[in-house]
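As a plain string of letters, each chain reads:
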Amino acid sequence: MKFNGFLYGSIHIPPVFCDLRVRFAPFINDRLKLIQHFIEECAEKYHILEIAYDRWNATMLVTNLMEEGLTMVQFGQGYKDMSPACKEFYKVLMQGRMVHGGNPVRRWMAGNVVIETDDAGNIKLTKAKSKEKIDGIVATVMALDRCVRHEAEQQESVYESRGLLIL
């Protein structure tokens, strides 16, 4: 990752829930149905508070997921939304608190990321010097931002109230 002109080591980001291997269908609607089905399956397994999304070309998927009862939150890709999130991600990364599984696809995406800075010192992710994908890293930055925003609202862990169950 490049930050203020300096190159830092590879970032290994874990899948948030599990790997999504999209089998590309001939039509965009089929891919959207596949993605929607995957998200709905995850919602059945996990307690998803909300899903952050980039509003570009997301109207149909967002509408369908909201109809399923999921909370959807717009997350812009400009400096306003991305700068605080990218700075938090960088802080967590440099503190060694980013736990990863060495996912090779995420490692490849991280190698494609460049940090762009504006005159006010705001930063955002870009793939300006690469035509390859960075989506997994962007999604991780967005998810981290939403987690940080909800940190104060954290509810008591189920383990604090009932303890561990031993089978």
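You'll find the structure just up there.
About the cut-offs
Residues numbered from 1 in each chain as written. Predicted model: local features only at pLDDT ≥ 70, side-chain atom pairs only at ≥ 80, totals over all residues. Heavy atoms only, no water. Phe/Tyr/Trp six-rings, centres within 6.5 Å; stacked < 30°, edge-to-face > 60°. Lys NZ or Arg CZ within 6 Å of the ring centre and 35° of its normal. Core = buried A, V, L, I, M, F, W, Y, C linked by side-chain atoms within 4.5 Å. Buried < 20%, exposed > 50% of the residue type's maximum accessible area, 1.4 Å probe, protein only. Helix = DSSP H or I, 4+ residues; strand = E, 2+ residues; numbered from the N terminus. Contact = heavy atoms within 4.5 Å. Arc of directions from axis to C-beta. Polar contact = N/O pair within 3.5 Å; in protein donor to acceptor, adjacent residues only side chain to side chain. Pairing = 2+ DSSP bridges. Salt bridge = Lys/Arg side-chain N within 4 Å of Asp/Glu carboxyl O.

Undergrad: Break down the packing of aromatic side chains for me, citing the residues and quoting the values.
TA: For the structure on display, the rule yields 0 aromatic pairs. Its guanidinium or amino end placed over the ring of Tyr 79, Lys 124 lies 4.9 Å from that ring's centre, counting from NZ or CZ.

Undergrad: Please set out the nonpolar core residue by residue, giving values where relevant.
TA: With 20 residues, the main nonpolar core has Met 82, Cys 86, Phe 89, Leu 125, Ile 137, Val 138 and Val 141 as its most contacted residues. Among the secondary structure elements, those contributing two or more residues to this core are helix H3 (79-94), helix H4 (104-112), strand E6 (123-126) and helix H5 (135-150). For this core, the leading source of residues is H3, giving 6 residues. Apart from residues lying up to four places away in sequence, Val 138 is in contact with Gln 77, Met 82 and Leu 125. One finds Leu 32, Phe 38, Tyr 53 and Val 62 within the second-largest nonpolar core, a separate group that totals 13 residues.

Undergrad: How would you summarise H4 if you had to cite specific residues and measurements?
TA: Residues of H4 that are buried: Arg 106, Met 109, Ala 110 and Asn 112. Summarising the axial view, the buried residues of H4 lie within an arc of 155°, below the 170-degree limit, and thus occupy one face. Looking at H4, the residues exposed on the side facing more than 90 degrees away from the buried face are Pro 104 and Gly 111. For H4, the secondary structure elements touched by its buried residues are strand E5 (114-117), E6 and H5. Sitting at the head of H4, Asn 103 places a side-chain oxygen 2.9 Å from the backbone nitrogen of Val 105.

Undergrad: Residues and numbers for unusual backbone geometry, please.
TA: One non-glycine residue, Asn 57, adopts positive backbone phi at about 60°. Checked against the element boundaries, Asn 57 lands in the loop between strand E3 (51-53) and helix H2 (59-67). Using a relative accessible area of 56% as the deciding quantity, one classes Asn 57 as exposed.

Undergrad: Provide a residue-level description of the pairing of E6, including the pertinent values.
TA: A two-sided burial pattern is seen for E6, the buried positions comprising Ile 123 and Leu 125 on one face and Lys 124 and Thr 126 on the other. Summarising the sheet, E5 and E6 pair through 4 bridges and their orientation is antiparallel. Across the sheet, Ile 115 pairs through a bridge with Leu 125, a residue of E6. The antiparallel pairing of E5 with E6 creates a hairpin that spans 5 residues between the two strands, and Gly 121 there sits at a positive phi of about 85°.

Undergrad: Quick one: what's the story with the pattern of salt bridges, residue by residue and with numbers?
TA: Applying the stated rule across the entire model yields 5 salt bridges. A salt bridge links Arg 146 to Glu 50; the nearest nitrogen and oxygen atoms lie 2.4 Å apart. Note that Arg 146 is positioned in helix H5 and Glu 50 in the loop between helix H1 (28-45) and E3, a separation of 96 residues in sequence. Overall, Arg 146 belongs to the buried group, its relative accessible area being 17%. Given a relative accessible area of 16%, Glu 50 falls into the buried group.

Undergrad: Could you give an account of the environment of Ile 123, naming the residues involved and the relevant values?
TA: Residue placement: Ile 123 occurs in strand E6. Residue classification places Ile 123 among the buried positions, given a relative accessible area of 2%. Along the backbone, Ile 123 and Met 82 are 41 residues apart, and their C-alpha atoms lie at a distance of 7.0 Å.

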